[in-house]
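# Descriptive analysis of the structure
Here's the letter readout for the chains.
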Amino acid sequence: MQPTKRAPGWWHSRPVILAVLGALAVAVLAGCGAVDTPQTTLFPRSDNNQVINDLYAPLTWLAIVIFVLVQGLLLYSVFRFRARRGDDSIPPQIHGNTRLEIAWTLAPSIVVVIMLLLTYQAMAKIEADPPPDALHVRVVGHQWWWEVHYPDLDVVTANEIHIPIDRPVYFELESDDVIHSFWVPRLMGKRDLMPGSTNTIWFTPQEEGLFAGHCAEYCGTAHAQMRFHVVVESEIAFDNWVEKQRQPAEEMTGDAALGAELFVSRACVTCHTIRGTDAIGTIGPDITHVGSRVYIAGGILENSPENVTLWLSDPQGVKPGNEMILPLPLSSEDIRLLTEYVRALK
Ligand SMILES: [Cu+2]
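Residues numbered from 1 in each chain as written. Predicted model: local features only at pLDDT ≥ 70, side-chain atom pairs only at ≥ 80, totals over all residues.

### Digging into the sheet that holds strand E5 (residues 169-175)
One open sheet holds the five strands; their spatial order is E3-E2-E1-E5-E8, and the pairing between them is mixed. Strands at the two margins of the open sheet, each flanked by one partner only, are strand E3 (155-158) and strand E8 (199-203). Direction aside, the axes of adjacent strands within the sheet are offset by 20° on average. As judged from the four bridges shared by strand E2 (residues 145-150) and E3, these two strands associate in the antiparallel manner. (Pairing = 2+ DSSP bridges. Helix = DSSP H or I, 4+ residues; strand = E, 2+ residues; numbered from the N terminus. Axes fitted to C-alpha atoms, helices over the stretch in contact; angles between N-to-C directions.)

Rendered as structure tokens:
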């Protein structure tokens, strides 16, 4: 019996297929628009990231070639050898083809070896010893902020790492609690911070600017808000910054001085250090010069008077779960004076 001939469905019409493919293409290509992408890894600004990108590009092209080849063969076979209407003959049944089998075992093996060689080459560059003149920075991860030391420069800060352009910087990475991961997408690949051991990584920044960093290993409630920034600047700007950061906090006047008095009489002293004052707490960041930072609270709030007020009014609302827990809420006058003080800690 002849199979009854069905009319082709509407989805077979060429305009519909083209429209669907077009919509898919738009969706896929929309991902390529580099509008505002501070966390992209695709525009390297350091030698480390250049090496990673130089590996990523050939591997991607290789994958594209293989994809097109394999899918092309598949589609060709599907269309070329499809069952014709009315033809219910069975195709030739074959078993085994030694030449073909050797070929499709060898070809992928060769591809894997190429990938391995390229990868080893990149790893050798990234894992090489840092040059002896590298700037030394020690970073300690905390739930959910970053403690930053410059052991040779006598500087301690948090959440904002300044480094001079074109000079290698060598990081020692540690954790105070759980595993975190240090990642500045435009400058370097990820490196874990492990409790009880020290990891290292180094790179040379090649462009001045403010670079977004992020913890890249889930580490608890506020992980998504465990951010930081790297400021790459000229050598002169960096030296000035270091000079400033080494100083104890300035003498305060006016409302800021009243805020300073409140600071030592409220719980703040138990958690924060402000060098040059009685505050020597170590649970939270050293905020001797917090007023000079571009962001506060683990890189999530721009450092403006409004945001400092917001942070002091409700740290748990801004960053749920973080370890700044105020035993008593502050009055709005307290918050005003403390905001003046925090802003004046330049
Ligand atoms: Cu984390």
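Here the narrative resumes.
### A closer look at the pairing of strand E10 (residues 227-233)
Every second residue of E10 is oriented toward a common face, the buried set being Phe-228, Val-230 and Val-232 and the non-buried set Arg-227, His-229, Val-231 and Glu-233. Pairing between strand E4 (residues 160-164) and E10: five bridges, direction parallel. For Ile-163, the partnering residue across the bridge sits in E10 and is Val-232. Relative to E10, strand E9 (residues 209-215) runs antiparallel, the two being bridged by six bridges. (Buried ≥ 20, exposed ≤ 12 C-beta atoms within 10 Å, placed from the backbone.)

### A look at unusual backbone geometry
Gln-143 connects to Trp-144 through a cis peptide bond whose omega is 5°. Residue placement: Trp-144 occurs in the loop between strand E1 (135-142) and E2. The phi dihedral of Asp-166 is positive, around 65°, even though this residue is not glycine. Mapped onto the secondary structure, Asp-166 falls in the loop between E4 and E5. The backbone of Ala-297 sits at a positive phi, close to 65°, despite the residue not being glycine. As for its position among the elements, Ala-297 is in the loop between strand E11 (295-296) and strand E12 (301-302). Residue classification places Ala-297 among the buried residues on the basis of 23 C-beta atoms within 10 Å.

### So, the sheet that holds strand E7 (residues 188-193)
Hydrogen bonds along the backbone pair up the strands of a sheet, which may run parallel or antiparallel. Across the sheet, which stays open at both edges, the five strands sit in the order E4-E10-E9-E6-E7 with mixed pairing between neighbours. In this open sheet, the two strands that pair with only one neighbour each are E4 and E7. Put simply, the sheet's adjacent strands are angled 20° from each other on average, direction ignored. The pairing of strand E6 (residues 180-184) with E9 spans two bridges and is antiparallel.

### A closer look at the domain arrangement of the protein chain
Domain boundaries in the protein chain define domain 1 (135-246) and domain 2 (254-344). Facing 19 residues of domain 1, the contacting portion of domain 2 comprises 15 residues. Breaking the side of domain 1 that touches domain 2 down by element, the ones donating at least two residues are E2, E3, E10 and helix H4 (235-246). For the side of domain 1 that touches domain 2, the residue count by class is eight nonpolar, seven polar and four charged. (Domains from an automatic or database assignment. Contact = placed C-beta atoms within 7 Å. Nonpolar A, V, L, I, M, F, W, Y, C, P; charged D, E, K, R; others polar.)

### Digging into the packing of helix H2 (residues 47-80) against helix H3 (residues 98-126)
To characterise two packed helices, one gives the angle between the axes of the helices and the distance between these axes. Interaxial distance between H2 and H3 falls to 9 Å at its minimum, and their mutual angle equals 170°. As far as their axial angle goes, H3 and H2 are roughly antiparallel. Counted together, Asn-48, Val-51, Ile-52, Leu-55, Pro-58, Leu-59, Leu-62 and Ile-66 of H2 and Val-111, Met-115, Leu-118, Thr-119, Ala-122, Lys-125 and Ile-126 of H3 form the full contact between these two elements. Along the lines of polarity and charge, the residues of the contact of H2 with H3 split into twelve nonpolar, two polar and one charged. (Parallel < 35°, antiparallel > 145°, perpendicular 65-115°, else oblique.)

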